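A closer look at the structure
Below are the chains, spelled out letter by letter.
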Amino acid sequence: MPHRTVLALTLGDPNGLGPELVCRIFQEGLPSSLADACVLIIGPEQALMHHQSALNCPPFWQPLEDLDQLNQLDQLPRRTHRKTPPGIYLYAPNGLESFQIHPGHATVDGGLAAGKALETACLLLQSSRVQALTTGPLNKAMLQLAGFDFAGHTEFLAAKAGLSPEDVCMHFWGPRLRVSLATTHPPLRSVPELLNIELILRKLELTLAVVHAEGRQEPVAVCGLNPHAGEAGHIGDEDRLIIAPAVSQAVARGWNVVGPLAADTIFHRAVQGDFSAVLAMYHDQGLTAFKVLHFHDGVQITLGLPYVRTSPDHGTGYDLVGHGRASTQSLCNALIMAVALTGR
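Throughout what follows, the structure given in this document is the object of discussion. Keep in mind that this is a model prediction, so the values were computed, not measured.

If you tally the helices and strands in the protein, you get 11 helices and 12 strands. A globule of 344 residues ought to have a C-alpha radius of gyration of about 20 Å, and the protein, at 20 Å, matches this closely. Its C-alpha atoms give the protein principal-axis dimensions of roughly 65 × 40 × 35 Å. For the protein, buried positions account for 54% of its 344 residues. Contacts spanning at least 24 positions in sequence make up 76% of the contacts within the protein whose residues lie at least 6 apart. Of the roughly 14,200 Å² of accessible surface on the protein, 50% is carried by carbon and sulfur atoms. One finds the centroid of the 23 positive side-chain charges in the protein at a distance of 6 Å from the centroid of its 31 negative side-chain charges.

What follows is the structure, encoded as structure tokens:
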């Protein structure tokens, strides 16, 4: 194996923004921080060819006929252009040879392609043939209709690693705000029954590890579930009976944690620098605040997996495909973050 980090990059839904953003990033030229990495793009080549032709940019990838070629990446011929670092490869999983691209449209075939790419990436990570993963956006409904019974990337990757969603943590990084989630993608009505002290402690442990690795010393703030963090039990019992005891146990362990704090002020204080990160209780509680600030440059990191996984913090954006308006910054940041975290 080459000594360079081999980063797997799944295209996600080939009909969504993933292939276009990949082509635009490599057309514009990757940052120097990625110059020493090999990037293995996984997905149907037809999707890249469509956008490469539309953008009138030279091909920047070298196709791999089989995965055994990963053992000789340094010996393979490289197809590059002046702005693209060497070592950009593409592998199309079996069954995608005749994939028909429908840019801007949700299709079951798009979900199948996304699922097959993820399965391939997981096999490569388990065998250590790649060291990190960045995932392009997929359509969760199409993924499920294609036969992959997972609510999203996080649940898919956790299951393939032999973990439960409770073992991993969705963490969102932005230059001004970091947010972790106690739960992943459950219906809102299910959130209260999913919360427990052990779950919150696990998510705090993972969040503290990543902010400490970044060198941040401010406490991690824990968000209350109910308005005003429950008003001492007058607006729901979860904050008093579950979240507050979890925070007390964390503090007893010597962890730099505060809470539960009301959701309507906690994110403002985090942006002001009072906290290194916020642990929100559910998806929209944390991501509404995060995406107001970091819709174009945020990165998701899945904490707790046996490898580094990052992704852009946006969806398939079917309505934007082919128009050149979608920002490449989030995906570019996700690639940079994957290599940086693997190096640590």
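There's more to say after this.
Relative to strand β9 (residues 257–261), strand β8 (residues 220–223) runs parallel, the two being bridged by three bridges. Its bridge partner lying in β9, Val-220 is registered against Val-257. One crossover worth recording links β8 to the parallel β9 by way of helix α8 (residues 238–252), and it is right-handed.

Bringing the pattern of salt bridges into the picture now. The final tally for this structure, using the stated rule, is eight salt bridges. Of the charged contacts in the structure, one is a salt bridge between Glu-205 and Arg-202, with a shortest N-O distance of 3.4 Å. With a gap of three residues between them, Glu-205 and Arg-202 both fall in helix α7 (residues 197–213), about one helical turn apart. In this structure Glu-205 comes out as partly exposed when scored by relative accessible area, which is 40%. Exposure remark for Arg-202: the relative accessible area of 27% places this residue in the partly exposed category. Here Asp-274 and Arg-269 are joined by a salt bridge, their closest N and O atoms 3.1 Å apart. Judged by its relative accessible area of 34%, Asp-274 is partly exposed. Arg-269 sits in the partly exposed class, given a relative accessible area of 36%.

This paragraph deals with the environment of Pro-44. Along the chain, the position of Pro-44 falls in the loop between β2 (38–42) and α2 (45–55). Through-space distance from the C-alpha of Pro-44 to that of Ser-33 is 27 Å; in sequence the pair is 11 residues apart. Leave out the neighbours within four places in its chain, and Pro-44 touches Leu-11, Pro-14, Ala-92, Leu-96, Phe-99 and Ala-113.

At their nearest, the axes of helix α9 (residues 263–271) and helix α10 (residues 283–294) sit 11 Å apart, and the two run at 40° to each other. As far as their axial angle goes, α10 and α9 are oblique. Viewed along their axes, α9 and α10 form a crossing whose handedness is right-handed. Residues Ala-263, Phe-267 and Val-271 of α9 pack against Gln-285, Gly-286, Ala-289 and Leu-293 of α10. Split by residue class, the contact of α9 with α10 holds five nonpolar, two polar and no charged.

Here we take up the sheet that holds β2. Read from one edge of the open sheet, 12 strands run β3-β4-β2-β1-β5-β12-β11-β6-β7-β10-β8-β9, paired in mixed fashion. The sheet is open, and its two edges are formed by β3 (62–63) and β9, each paired on a single side. Where strand β6 (residues 169–173) meets strand β7 (residues 178–181), three bridges bridge the pair, whose relative direction is antiparallel. Note that in β7 the partner of His-171 across the bridge is Ser-180.

Summed over the entire model, instances satisfying the criterion amount to zero disulfides. Between Cys-23, a cysteine without a disulfide, and Cys-57, which holds the nearest cysteine sulfur, the sulfur-to-sulfur distance is 5.3 Å. Overall, the relative accessible area of 0% leaves Cys-23 in the buried class. A disulfide-free cysteine, Cys-332 has its sulfur positioned 14 Å from the sulfur of Cys-23, the nearest such atom.

What follows concerns the nonpolar core. With 62 residues, the main nonpolar core has Val-22, Ile-41, Leu-48, Phe-60, Leu-204 and Met-281 as its most contacted residues. Among the elements that make up this core, the one with the highest residue count is α7 (nine residues). Residues in contact with Met-281, not counting those within four places in the same chain, are Ala-182, Thr-183, Val-191, Leu-195, Ile-200, Val-222, Cys-223, Gly-224, Leu-225 and Ile-243. Judged by nonpolar contacts, the second largest core, of 28 residues, contains Ala-8, Ile-42, Ala-117 and Ala-158.

Along α2, the positions that sit buried rather than exposed are Ala-47, Leu-48, His-51 and Gln-52. One side of α2 carries all its buried residues, which in axial view fall inside an arc of 125°. Facing away from the buried side of α2, by more than 90 degrees, are the exposed residues Ser-53 and Ala-54. Looking at the buried residues of α2, the elements they touch are α1 (17–28), β2 and β4 (88–91).

What follows deals with the packing of aromatic side chains. Evaluated as defined, the whole model comprises five aromatic pairs. For the pair Phe-26 and Phe-60, a centre-to-centre distance of 4.8 Å together with 15° between the ring planes defines the contact as stacked. A residue pair is termed long-range when its members are at least 10 positions apart, and Phe-26 in helix α1 and Phe-60 in the loop between α2 and β3 qualify at 34 residues. Phe-60 carries the same exposure label as Phe-26, and that label is buried. Seen from their ring centres, Phe-148 and Phe-156 are 6.0 Å apart, and the 40° between their planes marks the pair as tilted. With respect to class, Phe-148 is no different from Phe-156; both count as buried.

Rules of the game
For every chain, the first residue of the written sequence is number 1, and numbering continues from 1 along that sequence. For this predicted model, a pLDDT threshold of at least 70 governs which residues receive local features, and a threshold of 80 or more governs which side-chain atom pairs are given and counted, while totals over whole chains, interfaces and linings are taken from all residues. The side-chain figures draw on all heavy atoms in the structure; neither hydrogens nor water molecules are used. Secondary structure elements are defined from DSSP: runs of H or I of at least 4 residues count as helices, runs of E of at least 2 residues count as strands, and each element is numbered from the N terminus. Radius of gyration here is computed from C-alpha atoms only, and the compact-globule reference equals 2.2 Å multiplied by the residue count raised to the power 0.38. The buried label goes to any residue with under 20% of its type's maximum accessible area, the exposed label to any with over 50%, and the partly exposed label to all in between, with areas taken from a 1.4 Å probe on protein chains only. We call two residues contacting when some pair of their heavy atoms lies within 4.5 Å. Here the Shrake-Rupley method, with its probe set to 1.4 Å, supplies the accessible areas, and only the displayed protein chains count as covering residues. His is not counted, nor are the chain ends; Lys and Arg add positive charge and Asp and Glu add negative charge. Note on charges: their place is set at NZ of Lys, CZ of Arg, CG of Asp or CD of Glu. A pair of strands is treated as paired once DSSP finds two or more bridges between them. Note on handedness: a crossover is taken as right-handed if, strands pointing away from the viewer, the path from the first strand over the helix to the second is clockwise. Basic side-chain nitrogens of Lys or Arg form a salt bridge, by our definition, when they fall within 4 Å of a carboxyl oxygen of Asp or Glu. To define axes, lines are fitted to C-alpha atoms, for helices over the stretch in contact only, and angles between the resulting N-to-C directions are given on a 0 to 180 degree scale. In what follows, roughly perpendicular refers to angles from 65 to 115 degrees, roughly parallel to angles under 35, roughly antiparallel to angles over 145, and oblique to any angle outside these ranges. The sense of a crossing depends on the near helix, which, turned anticlockwise from the far helix by less than a right angle, makes the crossing left-handed and, turned clockwise, makes it right-handed. When residues are grouped by polarity, Ala, Val, Leu, Ile, Met, Phe, Trp, Tyr, Cys and Pro land in nonpolar, Asp, Glu, Lys and Arg in charged, and all others, Gly among them, in polar. By definition, disulfides here are pairs of cysteine sulfur atoms that lie within 2.5 Å. As used in this record, nonpolar core signifies buried Ala, Val, Leu, Ile, Met, Phe, Trp, Tyr and Cys residues forming a set joined through side-chain atoms within 4.5 Å. The reported arc concerns the directions from the helix axis to the C-beta atoms and nothing else. Only Phe, Tyr and Trp rings take part, Trp by its six-membered ring, and two of them pair if their centres are within 6.5 Å. Stacked means planes under 30 degrees apart, edge-to-face means over 60, and tilted covers everything else.

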